[in-house]
Amino acid sequence: MTGNPKSTLYRRTLWAGVVLGAIGLLILLFANTFMQTLGTQTFNGSNGFFFALTQVYVLAAQGCLPFSAALISAALVMRYLALASLPTKQQATKQTM
């Protein structure tokens, strides 16, 4: 089951979910440091770039973790369906008789 593209799809999906979750956790861990050095919480005319950068940073952390969970659960479902479609030993013996 390791040679066909279907079997590698769930592995790639699982790893993408794990990597995205790790990135989301790193963003959350370094949020305080980022906010102290570059981030801004209020908007005034002189710091529009840093306000936009802060919003992208905050939204990235909020988007990474749920999407990571969705990818991991999709990989588990794909793996279950791939295993469920394999013939069992009882079905294989009935087909040979």
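Worth saying up front: this structure is predicted, and the values here are computed from it rather than measured.

Engineer: Before we go on, may I ask you to explain the side chain of Ser 68 in this structure?
Structural biologist: Residue position: Ser 68 is located in helix α3 (residues 48–84). According to the relative accessible area criterion, Ser 68 is buried, its value standing at 5%. Non-local contacts of Ser 68, meaning those with residues more than four positions away in its chain, are made with Gly 17, Val 18, Leu 20 and Gly 21.

Engineer: Just to check I follow, could you spell out α3 for this structure?
Structural biologist: An α-helical turn contains 3.6 residues, so any two residues separated by three or four positions project in the same direction. In this model α3 runs 54 Å from its N-terminal to its C-terminal C-alpha over 37 residues, within 8% of the 54 Å that 1.5 Å per residue would give. If you check which residues of α3 are buried, you get Thr 54, Tyr 57, Ala 61, Cys 64, Ser 68, Leu 71, Ala 75 and Ala 82.

Engineer: What exactly am I supposed to notice about the side chain of Thr 13 here?
Structural biologist: Relative to the helices and strands, Thr 13 resides in helix α1 (residues 5–29). Look past the residues within four positions of Thr 13 in its chain and what remains in contact with it is Leu 71, Ala 75 and Met 78.

Engineer: Sorry if this is basic, but what is going on with the confidence of the model for the protein chain here?
Structural biologist: The predicted coordinates of low-pLDDT regions are not to be read in fine detail. For the protein chain, the average pLDDT comes to 79, and 74% of its residues sit at 70 or higher. Per-element confidence in the protein chain ranges from a low mean pLDDT of 60 for helix α4 (residues 89–96) to a high of 88 for α1.

Engineer: Explain a nonpolar patch on the surface here, please?
Structural biologist: A cluster of nonpolar side chains, namely Leu 14, Trp 15, Val 18, Val 19 and Ile 23, defines an oily patch on the protein surface of about 450 Å² accessible area. Relative to the elements of secondary structure, Val 19 occurs in helix α1. Classification of Val 19 by relative accessible area gives partly exposed; the value is 45%.

How each quantity is defined
- Once a new chain begins, its residue numbering starts again from 1 and follows that chain's sequence as written.
- With the structure being a predicted model, the display of local features is reserved for residues of pLDDT at least 70 and the display and counting of side-chain atom pairs for 80 or more, all residues being used for whole-chain, interface and lining totals.
- Here the side-chain values reflect all heavy atoms present in the structure, with hydrogen atoms and water set aside.
- In this description a helix means any DSSP run of H or I spanning at least four residues, a strand means any run of E spanning at least two, and both kinds are numbered starting from the N terminus.
- Each residue's exposure class comes from its accessible area (1.4 Å probe, protein chains only) as a fraction of the maximum for that residue type: buried when under 20%, exposed when over 50%, partly exposed otherwise.
- Any two residues whose heavy atoms approach within 4.5 Å are treated as being in contact.
- Each helix should span, by expectation, one fewer than its residue count multiplied by 1.5 Å.
- A score between 0 and 100, pLDDT records how confident the predictor is in each residue.
- Residues forming no salt bridge and having over 30% relative accessible area are the ones grouped into patches, like charges within 9 Å of each other and nonpolar side chains (Val, Leu, Ile, Met, Phe, Trp, Tyr) within 5 Å.
- Here the Shrake-Rupley method, with its probe set to 1.4 Å, supplies the accessible areas, and only the displayed protein chains count as covering residues.
- Salt bridge criterion: a side-chain nitrogen from Lys or Arg within 4 Å of a carboxyl oxygen from Asp or Glu.

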